[in-house]
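The residues making up each chain are set out below.
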Amino acid sequence: MNAHPKHECGIFGIFGHPNAAEITYYGLYALQHRGQESAGIVTSDGDTAPFLVHKGMGLVSQVFDESRLKKIKGHRAVGHVRYSTTGSSTITNAQPLTVDCARGQIAICHNGNLVNANVLRNELEAKGSIFQTTVDSEIVLHLLAQPDASAEDHALVSAVRRVEGAFSLLIMSNTEIIAVRDPQGFRPLCIGRLEDSYVFASETCAFDLIGAKYLRDVEPGEIVIADARGLRSIPASGPVRRKAFCIFEYVYFSRPDSVIAGRTVSEVRKRMGHELARLHPVEADIVIPVPDSGNYAAEGYAEASGIVFEQAFVRNHYIGRTFLQPTQLIRDFGVRVKLNLIKDMVKDKRVVVVDDSIVRGTTARARVVNLREAGAREVHIRVSCPPHRFACFYGIDFPDPKKLIANQMTKMEIARYLGADSIGYLDVPSMISATGLKPDHFCVACFTGDYPVPFDPRLDKLVLEQRTGRSNSLAPAENHPSLL
Ligand code: AMP
């Protein structure tokens, strides 16, 4: 039913809790919006005890039940929810991925997209690596597992240095859980505390559900290690990279109740609505959101414009994934089943409809048809981000640019195609200013085509060091002088 299956993922980890699996289950539950294709949890009791794994296709609530959770007992766990469109929505590609190698057992969860995956995979395969999945995350696992990758205490750092692109990772070994964010910090990852244990999650909404305290975000380029001694951090060093947090996390992806870089997402969305009202004012009778994605921006638009806010679209929250595919008998069934319009609210009114984004234009077009049929006098579309004109290579699934309506049409043409009286998008500076952060904090490539990390990167010339021995620890030694 989802117009755009999400390529995003959600990751969660906990170190040092007797009910690690259960807590991870709840954490993933809160992160379900980041991926609905598969879910998985791997637990460990440390030392040589084998990792316990359960993964399955579907929602967290479908994949796990009480008896399954009981079978994966352990004091630490990592978990993942995934949705991908790359023709590989199979159980084999479900995460966490695990391997038992010379370094011991390793499990990995990845959110993001590596831009040099092909190069690295070819190279690893040429050296004899056998891949079991078609996901780029497995490359990191192979790099970590390589017995001769480097001196033992370099395993993680050298692996992380070789991958390019977007990666928020949780890596579990026999002795620790390690959280890593790429040097640009494309995707979110935060740290929390639950009683005596440390927790990691893509978004803070996961901490709220389990009653954990949000400590801070993992910094771009930072490596945070939770082990029996507590928590330690290896701050980013090495070549200075510009930050490139995905602004679309604020616009659409993250949950409104999450806090990213100290800003609550719903607040940022409201301010985007304020900016939108300032940039594109219009005489109208009511402001309505396209729920749920347009809710907060519409509220902001109404607040700043003084126009009455109404919830005219009613969302059906109970559309399961097993729902029958749109029937031919009813026109626009697929979009109608999700939202219904309260016709009396819009009849003879001049309506401002606010949504977070227009990708292909299918949703917006169907909404305008609904509004016209219900007798709306004028329909003005307002969008709380700029026009999407470029593909994302860092983990968000935007279609082929030819399918992005703003790549193919001017704003005037889009308004005509959608059947709207006017259309107004936020511009890049106003979108950024709504976050209260600086422009160099963000990746806005899907709007501007200015890609912070090239997707045909140079080959890494790293000379691999000889392996000096087996170690369960992937983390660099604390006293190592040149870790990054
Ligand atoms: P459309 O213009 O019909 O292609 O869809 C636009 C709607 O899809 C927006 O209102 C968003 O709420 C939602 N959306 C935007 N980007 C994505 C994405 N990458 N994955 C899933 N949904 C998205």
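See the structure printed just above.
Note that the structure is a prediction, hence the values are computed from the model and not measured. (Residues numbered from 1 in each chain as written. Predicted model: local features only at pLDDT ≥ 70, side-chain atom pairs only at ≥ 80, totals over all residues. Heavy atoms only, no water.)

Peer 1: Residue-level account of the overall build of the protein, with values.
Peer 2: A count of helical and extended segments in the protein gives 17 helices and 24 strands. Every one of the 484 residues in the protein was classed for burial, and the buried ones make up 57%. The contacts in the protein between residues at least 6 apart in sequence include a share of 72% that link residues at least 24 apart. Here the protein displays about 20,000 Å² of accessible surface, and carbon together with sulfur accounts for 52% of that area. (Helix = DSSP H or I, 4+ residues; strand = E, 2+ residues; numbered from the N terminus. Buried < 20%, exposed > 50% of the residue type's maximum accessible area, 1.4 Å probe, protein only. Contact = heavy atoms within 4.5 Å. Areas by Shrake-Rupley, 256 points an atom, 1.4 Å probe, with all protein chains shown as cover.)

Peer 1: Which residues make up the packing of helix α4 (residues 117-126) against helix α5 (residues 137-145), and what are the values?
Peer 2: Contact geometry of α4 with α5 gives a least axis separation of 10 Å together with a crossing angle of 45°. With respect to α5, the axis of α4 lies oblique. You can see that α4 and α5 cross each other, and the crossing is left-handed. Here Ala117, Leu120, Arg121 and Leu124 of α4 lie close against α5, whose contacting residues are Ile139, His142 and Leu143. Taken together, the residues of the contact of α4 with α5 sort by class into five nonpolar, one polar and one charged. (Axes fitted to C-alpha atoms, helices over the stretch in contact; angles between N-to-C directions. Parallel < 35°, antiparallel > 145°, perpendicular 65-115°, else oblique. Left-handed = near helix turned anticlockwise from the far one by under 90°. Nonpolar A, V, L, I, M, F, W, Y, C, P; charged D, E, K, R; others polar.)

Peer 1: Explain the pattern of salt bridges residue by residue, including any values.
Peer 2: Taken as a whole and assessed by the stated rule, the structure comprises 21 salt bridges. With its nearest N and O atoms 2.8 Å apart, the salt bridge here joins Arg216 to Glu222. The exposure class assigned to Glu222 is buried, which follows from its relative accessible area of 4%. The shortest N-O distance in the salt bridge between Lys347 and Asp348 comes to 3.6 Å. Taking the relative accessible area as the measure of exposure, Asp348 reaches 48% and is therefore partly exposed. Within the structure, one salt-bridge network assembled from shared partners comprises Glu8, Arg34, Arg187, Glu203 and Glu249. (Salt bridge = Lys/Arg side-chain N within 4 Å of Asp/Glu carboxyl O.)

Peer 1: Now, about the state of the cysteines: what can you tell me, with residues and values included?
Peer 2: One pass over the full model with this rule turns up zero disulfides. The thiol sulfur of Cys109 is not disulfide-bonded, and the nearest other cysteine sulfur, from Cys9, lies at 9.5 Å. On the basis of relative accessibility, which here comes to 0%, the residue Cys109 falls in the buried class. The thiol of Cys392 is not disulfide-bonded; the next cysteine sulfur, from Cys246, is found 6.1 Å away. (Disulfide = S-S within 2.5 Å.)

Peer 1: Give me unusual backbone geometry: which residues, what numbers.
Peer 2: In most cases, non-glycine residues show a negative phi, while peptide bonds are predominantly trans. Following Gln95, the chain continues to Pro96 via a peptide bond in cis, the omega torsion being 0°. With respect to the secondary-structure elements, Pro96 resides in the loop between β4 (76-82) and β5 (97-101). The step from Pro291 to Asp292 runs through a cis peptide bond, and the omega angle for that step is -10°. Positionally, Asp292 belongs in the loop between β17 (286-289) and α10 (295-305). The backbone of Glu195 shows a phi angle near 50°, a positive value even though the residue is not glycine. With respect to the element layout, Glu195 can be found in the loop between β9 (190-194) and β10 (197-201). Of note, Asp348 is a non-glycine position whose phi angle comes to about 60°, a positive value.

Peer 1: With reference to specific residues and values, describe the sheet that holds β10.
Peer 2: On the basis of which strands lie adjacent, the open sheet formed by seven strands has the order β3-β2-β4-β1-β10-β9-β11 and antiparallel pairing. Every interior strand has two partners, whereas the edge strands, β3 (52-57) and β11 (213-217), have only one. Averaged over all pairs of adjacent strands, the angle between strand axes in this sheet comes to 15°, irrespective of strand direction. In this sheet, β10 lies alongside β9 in antiparallel orientation, the contact comprising five bridges. Residue pairing across strands places Gly192 opposite Val199, the latter belonging to β10. (Pairing = 2+ DSSP bridges.)

Peer 1: Would you mind going over the environment of Ile260 in detail, with residue names and values included?
Peer 2: Within the secondary structure, Ile260 is located in strand β15 (residues 259-260). Judged by relative accessible area, which is 6%, Ile260 ranks as buried. Sequence-wise, Ile260 and Leu189 are 71 residues apart; in three dimensions their C-alpha atoms are separated by 8.8 Å. The residues touching Ile260, leaving out its near neighbours within four places in the chain, are Asp217, Phe245, Glu249, Tyr250, Ser254 and Val265.

Peer 1: How would you summarise a nonpolar patch on the surface if you had to cite specific residues and measurements?
Peer 2: Where nonpolar side chains cluster on the molecular surface, the patch consists of Tyr26, Tyr29 and Leu209 and spans about 300 Å² of accessible area. Its location among the elements puts Tyr29 in helix α1 (residues 20-30). Relative accessible area serves as the criterion here: at 42%, Tyr29 is assigned to the partly exposed category. (Patch = residues over 30% accessible without salt bridge, like charges linked within 9 Å, V, L, I, M, F, W, Y side chains within 5 Å.)

Peer 1: So, the sheet that holds strand β7 (residues 165-172): which residues are in play, and what are the values?
Peer 2: Strand pairing in a sheet takes place through backbone hydrogen bonds and is either antiparallel or parallel in direction. If you walk across this open sheet you meet the six strands as β5-β6-β7-β8-β12-β13, and the pairing is antiparallel. The sheet terminates laterally at β5 and β13 (230-234), the two strands that pair on one side only. Ignoring which end each strand starts from, the neighbouring axes of this sheet average 20° apart. The pairing of strand β12 (residues 223-227) with β13 spans five bridges and is classified as antiparallel. Each bridged residue has a counterpart across the sheet, and for Ala226 the counterpart in β13 is Leu231. Across the face of the sheet, α5 comes into contact with β5, β6 (104-114) and β7 while running at roughly 140° to β6.

Peer 1: Mind laying out the packing of aromatic side chains, listing which residues take part and the relevant values?
Peer 2: How two aromatic rings sit relative to each other is set out by the distance from centre to centre and by the angle between their planes. Evaluated as defined, the whole model comprises 12 aromatic pairs. On the basis of an interplanar angle of 75° and a centroid distance of 5.8 Å, the ring pair of Phe245 and Tyr250 is categorised as edge-to-face. Each member of the pair, Phe245 as well as Tyr250, carries the same accessibility label: buried. A ring pair is formed by Tyr394 and Tyr451, whose centres lie 6.3 Å apart and whose planes are at 65°; its orientation type is edge-to-face. Of this pair, Tyr394 sits in the loop between β22 (378-383) and α14 (405-408) while Tyr451 sits in the segment after α17 (445-448); the two residues are 57 residues apart in sequence, bridging distant segments of the chain. (Phe/Tyr/Trp six-rings, centres within 6.5 Å; stacked < 30°, edge-to-face > 60°.)

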